[in-house]
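What follows is each chain in one-letter form.
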There are 2 protein chains.
Amino acid sequence: MHRKPSYHEGRRHLRRPSLMRGQSHGPIPGSRGDLRFIPLGGCGEVQRSTYVYEYNDDIVIIDMGLQFPDEDMPGIDYLIANVEYLKPRKKNIRGIIITHGHYDHFGAIPHLLDSLGNPPIFATALTRGMIMKRQEDFKHLPKPRIELITTESKVRLGNFLAEFYHINHNIPDSVGVVLRTPVGTVVHTGDFKFDPQPVSEATADLHRIAEIGHQGVLLLVSESTDADSPGHQISETEVQKTIEEIFKVAPGRIIAATFASLITRLQQLIWLSEKYGRKVALEGFSIKQNVAVAQELGYLKVRKGTIIDTKDIHRYKESEITILCTGAQGEDRAALMRIANNEHRLITIQPKDSVVFSSSVIPGNENSVQRLKDTLYKRAGKVYHYATMDIHSGGHAKQDELTQMIKLTKPKYMIPIHGNYFMLKIHSELAEKAGIPKERIIIAEDGEIVSMNREGIRKLKERAPTDYVMVDGLGVGDVKEVVIRDRQHLAEDGIFVIITIVDAKTGKVKTSPDIISRGFIYLKESQELLREVRKRTRTIVEGLTTGPTRPIDWNYVKDEVREKIGQFLFNKTARRPMVLPVVIEV
Amino acid sequence: MHRKPSYHEGRRHLRRPSLMRGQSHGPIPGSRGDLRFIPLGGCGEVQRSTYVYEYNDDIVIIDMGLQFPDEDMPGIDYLIANVEYLKPRKKNIRGIIITHGHYDHFGAIPHLLDSLGNPPIFATALTRGMIMKRQEDFKHLPKPRIELITTESKVRLGNFLAEFYHINHNIPDSVGVVLRTPVGTVVHTGDFKFDPQPVSEATADLHRIAEIGHQGVLLLVSESTDADSPGHQISETEVQKTIEEIFKVAPGRIIAATFASLITRLQQLIWLSEKYGRKVALEGFSIKQNVAVAQELGYLKVRKGTIIDTKDIHRYKESEITILCTGAQGEDRAALMRIANNEHRLITIQPKDSVVFSSSVIPGNENSVQRLKDTLYKRAGKVYHYATMDIHSGGHAKQDELTQMIKLTKPKYMIPIHGNYFMLKIHSELAEKAGIPKERIIIAEDGEIVSMNREGIRKLKERAPTDYVMVDGLGVGDVKEVVIRDRQHLAEDGIFVIITIVDAKTGKVKTSPDIISRGFIYLKESQELLREVRKRTRTIVEGLTTGPTRPIDWNYVKDEVREKIGQFLFNKTARRPMVLPVVIEV
């Protein structure tokens, strides 16, 4: 396979890495001199993107993201990649490339960077701005070293040479990565879509991608978020036109909720507000933060005077106001929920308001969104939702675009990433239909190690560790699965603590046992049950402590109380609270 | 308004109730002689249907259903209607009409019937079968009196005369209700759709509905589940054709998951199995139960020998087996989840299996379904899902059908029911478009009382109580909201119990305080934190107990420990476990 990278102006590294000349090895990939690909996050879920490329003693990491936990992990803030595989190899890490400024692609940096020896980070200007902004929440950490890249850059990272190409997503300055390796060229897409009519940026650089394909691509690593959606993503221009229809007819304020990270959508809403003579108030910490960063770096164009403080909205007519806010997912404390529930200091819903949900619903949030919609339908004049109107376009390639990416890059091998397993599987079927032989398409799950050379590609038996690493408050990894199981149990039926004081001399229970219970039953109406529990506890304990047997096996006493009182409570209520007996000898 | 009910054969009550002749009153509805409609469940949510019609001293209830709790009510089995409004009026209850055999329409009967004085229930044969089957789980309760109705019946219920008409739903023998009242005729739709080509039943009786409309309808009370979906529900015949395509190509077993209550879907899958030479094994308690009831009553046609025991499936070729199972919602312990996770005694997923999800996803279950799909895509040959293929049709009228119902019945007043508020609102907008003046359309939420006569309709100021009634294990209503809040708190950050023994004489803390914590932090790795808590607790307690002040305010001591240790734990971990101090004086 002959590679002839076309050099651009603005390149950072002129020297062609000598090792890039063919160093391919035997037919069974897995040995030194082969290229390894190891997803540590993102292959099995749509979040937590963390992809490792390893060639001999060089490691390049693409993205380092967060995952928001499922509803069965109560109290957990988020999950991050398990980097045990990388720790003993940290001296080999040449750099971390961040493809774009979304938390699921860079949010784990503050939690992991130090443990990886603080390697340099490479990011475009807006992405760097987003990373630095988040870093302000971690003032005790050293500032990360972030080197600026553009689509003109070439970055030498040991045996790797990294280049970048422009794609469309719903945040500007997103890139795909071309990794030139001694084994061949890898195209790693990042999150992408091909928008023929994007707003506030150019169309994805199809020429460049085609050119890379023409030079020869060993491996395409491509995102799968929308692999089960046929067709092509709606253009942002179409979305903007539909939203404009709302601006044309809205009699009062427009309250538009979206993700704070959808900078492109915020731009559209700001432009339309300017066109229709509306001032814009921002509500929600993250939206204010992101607008500030994007505006400062020139990625968000706002006329002077457009953005006003929420406390000044009363100075304008209702038809002159747009409110951009967070909370389209029905999040409890987000701006839209507070506004809807009359808990916002300055804004309450008025009958003339038009509320616009301009984002999709993340699986798992449907119930909260339904409740929020209920509240808004009661109070607002009009509610517009993406399910019934094209007022949102996802940031991810649908089937036609994914196929187009495969056809443009013409890779020898293909690995689908960034998806639940079923999405990866559907994407692999698309790749097969697009002409890649089945044996050259590898579905790798988090922790699996794919090794390849020019002769072949396969998964190794060896695996990288992938036990969950949970972030809860200040703790990273200190919440183990047993803690989560306890939380689930506590949530189901609550807790029931019984404290018994035993006289060391007589073995008799001193005073009546104390009971503390939470989340089990409404205690005020259950005095009879509690009396019975106290009586039974005394009987169980004294049965074991007043006899001649010495020394007393206190663990056995506690086990007996736990089991017998647990059974008694179950018989009475069909519930199984966590019973915690405390027996104290005095 | 002149009513002329067309009498059918098989009628139960020949006498036209004398009170049905016009007895209309003054222009302001709300007085004696007016008709009241009170939703106690179902107006604000898609479940928990419980609708009350009241005329002077007569009450008729339509449906008495369950609601499955949201994810923020941990441990709760279900919610049922609050019937405080009915209790003082129970002698007036003439009967409960159940429109069809789904839990969200009859499941609360065992929990509520006794408190309402055990009024008679009216149901069609299959519905009665489903109610009686569920009643077997409540052997301690008296058997309910259920009187059989058909679409020919006329049931006198005090001042009300009830008739029934045939509609389509995804369980056979579903009916709509016509209530002849002294004020006028009410059409109460139940759950319905109009299927031009239904399977195993006749098309909804449009002629009958039109005839009722022609006679004059005072009030249409119509379901709203799919009010935000444009168009017309797909015909079951179309669904069956699409499923048949799967039967034509499946190389191995077909594993089809659906709701146990979708009797119509089960019938289709059984017919197709018979056509393609497959035996059918049933997996899941509720599916076996429902098939038994429906088969016994003749609502499910199965050839002798079609249904086999799961333990016999190995006697047939894989291509001769269909497995019908529960678990299409990703429920933890349901058959499909156990099969997918290799936890089923007799069935594991094989590479040649075709898995069919033939039901929609209930909002809130998306995450579980995604995880289940992931597992199945890894192990099964082919996974078919309703989102990508027309292998499911909902049981509820979409916008065209809802409009058709309005146009057929031509009601004077209209009340949308059976939906979240936003669905009711959208349905009310449809009704307006269909020609009903806005002021004659009432959106009533649970507990609101609508009063009407021939001159007008309005909501009264008076409301029926609607505080949640939660069923948890054997308890009905003994879990109050404070218990739920505790469960939520416990689930977030766990519990932290500190037990301190204080010497009554000296005020000194005897031995080191005991700590029991669950769901907060992994204790084995947090010994340093626990040591510090013990030390601080001792200092806090002794600071208050070793001084001269007597008597000691033990509640204040506990409050101090709770607050200071809580703050300390938060500073160290950014978590807020529930801190429960126990101070014992010995």
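Parameters and conventions
Residues numbered from 1 in each chain as written. Chains lettered and ligands numbered in written order. Predicted model: local features only at pLDDT ≥ 70, side-chain atom pairs only at ≥ 80, totals over all residues. Heavy atoms only, no water. Helix = DSSP H or I, 4+ residues; strand = E, 2+ residues; numbered from the N terminus. Buried < 20%, exposed > 50% of the residue type's maximum accessible area, 1.4 Å probe, protein only. Contact = heavy atoms within 4.5 Å. Areas by Shrake-Rupley, 256 points an atom, 1.4 Å probe, with all protein chains shown as cover. Lys, Arg positive; Asp, Glu negative; His and termini not counted. Charge placed at Lys NZ, Arg CZ, Asp CG, Glu CD. 1 Å grid on protein atoms, 1.4 Å probe; cavity = no way out; pocket = protein on both sides within 12 Å on 5 of 7 lines; lining within 4 Å. Points joined across faces, edges and corners; volume = space filled by probe spheres on them. Pairing = 2+ DSSP bridges. Least-squares fit on C-alpha atoms with pLDDT ≥ 70 in both. Expected span 1.5 Å × (residues − 1). Polar contact = N/O pair within 3.5 Å; in protein donor to acceptor, adjacent residues only side chain to side chain. Axes fitted to C-alpha atoms, helices over the stretch in contact; angles between N-to-C directions. Buried area = accessible area lost by both parts, 1.4 Å probe. Salt bridge = Lys/Arg side-chain N within 4 Å of Asp/Glu carboxyl O. Nonpolar A, V, L, I, M, F, W, Y, C, P; charged D, E, K, R; others polar. Parallel < 35°, antiparallel > 145°, perpendicular 65-115°, else oblique. pLDDT = per-residue confidence, 0-100. Phe/Tyr/Trp six-rings, centres within 6.5 Å; stacked < 30°, edge-to-face > 60°.

### Remarks on the overall build of chain A
Reasoning step 1: Each helix and strand counted, chain A has 14 helices and 27 strands in total.
Reasoning step 2: Counting over 586 residues, chain A shows a buried share of 60%.
Reasoning step 3: When contacts within chain A are restricted to residue pairs at least 6 apart in sequence, long-range pairs at least 24 apart make up 74% of them.
Reasoning step 4: Accessible area of chain A: about 23000 Å², with a carbon and sulfur share of 49%.
Reasoning step 5: Averaging the locations of the 82 positively and 74 negatively charged side chains of chain A gives two centres separated by 2 Å.

### Concerning the layout of surface pockets
Reasoning step 1: Empty space within the second largest pocket amounts to approximately 370 Å³.
Reasoning step 2: For the lining of the second largest pocket, the secondary structure elements donating two or more residues are α14 (554–573) and β27 (578–585) of chain A together with β26 (509–518) and α13 (527–545) of chain B.

### Comments concerning the pairing of strand β17 (residues 321–325) of chain A
Residues and elements named next belong to chain A.
Reasoning step 1: Summarising burial for β17: five of the five residues are buried, a large majority.
Reasoning step 2: Of the two faces of β17, both are covered, the one formed by I321, I323 and C325 as well as the one formed by T322 and L324.
Reasoning step 3: Bridge analysis of strand β15 (residues 279–283) against β17 gives five bridges, and the strand direction is parallel. Across the sheet, residue L282 finds its bridge partner in β17, namely L324.

### Quick word on the relation of the copies chain B and chain A
Copy one and copy two of the chain differ by a rotation about a common axis and a shift along it.
Reasoning step 1: Superposing chain B onto chain A takes a rotation of 180° plus a shift of 0.1 Å along the axis, which leaves an RMSD of 0.1 Å. Such a combination of rotation and displacement between the chain copies is what one expects of a two-fold axis. Taking C-alpha positions as the reference, the residue of chain B nearest the rotation axis is A491 of chain B, at 2.4 Å.
Reasoning step 2: Both copies present the same face, since 98% of the interface residues in chain B are matched by interface residues at the equivalent positions in chain A.

### Regarding the sheet that holds strand β23 (residues 469–472) of chain A
Paired through their backbone hydrogen bonds, the strands of a sheet run either parallel or antiparallel.
Residue and element names in this part refer to chain A.
Reasoning step 1: A sheet is described by the order of its strands in space; here four strands give the open sequence β4-β5-β23-β24, paired in antiparallel fashion. Every interior strand has two partners, whereas the edge strands, β4 (66–67) and β24 (475–476), have only one.
Reasoning step 2: In the sheet, β23 pairs with β24 via two bridges, with the strands oriented antiparallel. Within β24, the residue paired with V471 across the bridge is V476.

### What about helix α5 (residues 236–249) of chain A?
All names here are of chain A.
Reasoning step 1: Over its 14 residues, α5 runs 21 Å from end to end, which matches the ideal 20 Å to within 8%, given 1.5 Å per residue.
Reasoning step 2: Those residues of α5 lying buried are E236, T237, V239, Q240, T242, I243, E244, I246 and F247.
Reasoning step 3: Where α5 is buried, its residues contact β14 (254–257), α6 (263–275), β17, β18 (354–357) and β19 (382–385).
Reasoning step 4: A distance of 3.1 Å separates the backbone nitrogen of T237 from a side-chain oxygen at the start of α5, and that oxygen is part of S235.

### Re the sheet that holds strand β2 (residues 50–55) of chain B
Residues and elements named next belong to chain B.
Reasoning step 1: Taking strand neighbours across the sheet as the criterion, the eight strands line up as β8-β7-β6-β3-β2-β1-β21-β22 in an open arrangement whose pairing is mixed. Strands at the two margins of the open sheet, each flanked by one partner only, are β8 (146–148) and β22 (457–463). Across the sheet, the mean angle separating the axes of adjacent strands is 25° when strand polarity is ignored.
Reasoning step 2: Both strand β3 (residues 58–62) and strand β6 (residues 93–97) contribute to a ladder of four bridges, which runs parallel.

### What to know about the interface of chain B and chain A
Reasoning step 1: Chain B puts 65 residues into the contact, and the matching count from chain A is 65 residues.
Reasoning step 2: Together, the buried faces of chain B and chain A total about 5700 Å²; carbon and sulfur atoms form 57% of this surface.
Reasoning step 3: Viewed at the interface, chain A and chain B are joined by four salt bridges.
Reasoning step 4: The salt bridge partner of K378 of chain B is E445 of chain A, with a shortest N-O separation of 2.7 Å.
Reasoning step 5: Only α9 (366–379), α11 (421–433), α12 (481–493), β25 (495–502), β26, α14 (554–573) and β27 (578–585) of chain B provide two or more residues apiece to the side of chain B that touches chain A.
Reasoning step 6: Looking at which element gives the most residues to the side of chain B that touches chain A, the answer is α9 of chain B, with nine residues.
Reasoning step 7: Class assignment for the residues of the side of chain B that touches chain A results in 27 nonpolar, 14 polar and 24 charged.

### Examining the packing of helix α4 (residues 206–215) of chain B against helix α10 (residues 399–409) of chain B
Residues and elements named next belong to chain B.
Reasoning step 1: Viewed as axis vectors pointing N to C, α4 and α10 meet at an angle of 50°, and their least axial separation amounts to 7 Å. Considering their axes alone, α4 and α10 lie oblique with respect to each other. Each of L206, I209, A210 and G213 in α4 lies in contact with α10, whose residues at this interface are Q404, M405, L408 and T409.
Reasoning step 2: A class-by-class count of the residues in the contact of α4 with α10 yields five nonpolar, three polar and no charged.

### So, the confidence of the model for chain A
Residue and element names in this part refer to chain A.
Reasoning step 1: The predicted model of chain A has a mean per-residue pLDDT of 90, with 95% of residues at 70 or higher.
Reasoning step 2: Confidence over residues 1–27 falls short of pLDDT 50; this stretch has 70 contacts with residues more than four positions distant or in other chains.
Reasoning step 3: Of the two predicted TM-score estimates for the complex, the pTM is 0.85 and the ipTM is 0.81.

### Some words on the packing of aromatic side chains
Reasoning step 1: Per the stated rule, a full pass over the model turns up 16 aromatic pairs over all chains.
Reasoning step 2: The interplanar angle of 90° and the centroid separation of 5.7 Å between the aromatic rings of F496 of chain A and F520 of chain A together place this pair among those described as edge-to-face. On the criterion of sequence distance, the pair formed by F496 of chain A in strand β25 (residues 495–502) and F520 of chain A in the loop between β26 (509–518) and α13 (527–545) is long-range, its members being 24 residues apart. Across this residue pair, the class does not change: F496 of chain A and F520 of chain A are buried.
Reasoning step 3: Consider the rings of F247 of chain B and Y276 of chain B, whose centres lie 6.1 Å apart with planes at 40°: the pair is tilted.

### A short note on the pattern of salt bridges
Reasoning step 1: A complete count under the given rule lists 62 salt bridges over all chains for this structure.
Reasoning step 2: Among the salt bridges present, the one from R36 of chain B reaches E54 of chain B, with a minimum N-O distance of 3.9 Å. Placement of R36 of chain B in strand β1 (residues 35–41) and of E54 of chain B in strand β2 is noted, with a sequence separation of 18 residues between them. Both residues of the pair, R36 of chain B and E54 of chain B, count as buried.
Reasoning step 3: A salt bridge links K564 of chain B to E560 of chain B; the shortest N-O distance between them is 2.8 Å. Taken together, the residues K564 of chain B and E560 of chain B, both in helix α14 and four residues apart, mark about one turn of the helix.
Reasoning step 4: A network of salt bridges, in which partner residues are shared, links R36, E54, R89 and E462 of chain A.

### With respect to the pairing of β1 of chain B
Residue and element names in this part refer to chain B.
Reasoning step 1: Among the seven residues in β1, seven count as buried, and that is most of the element.
Reasoning step 2: Taken together, the six bridges between β1 and β2 define a ladder with antiparallel strand orientation. Bridge assignment links I38 to a residue of β2, and that residue is V52.
Reasoning step 3: Of the strand pairs in this sheet, β1 and strand β21 (residues 448–452) are connected by three bridges, and their pairing is antiparallel. Bridge assignment links L35 to a residue of β21, and that residue is M452.

### Notes on the side chain of N170 of chain A
Reasoning step 1: By the secondary structure assignment, N170 of chain A is in the loop between β10 (160–166) and β11 (175–181).
Reasoning step 2: What N170 of chain A contacts, discounting residues up to four positions off in sequence, is H102, S261, L262, I263, T264, S393, G394 and G395 of chain A.

### Brief notes about the side chain of T258 of chain A
Residues and elements named next belong to chain A.
Reasoning step 1: Note on placement: T258 falls in the loop between β14 and α6.
Reasoning step 2: Within the local environment of T258, its side chain forms a polar contact with the backbone oxygen of S358, the two atoms lying 2.8 Å apart.
Reasoning step 3: Setting aside its immediate chain neighbours within four residues, T258 contacts R265, L266, C325, T326, G327, A328, S358 and S359.

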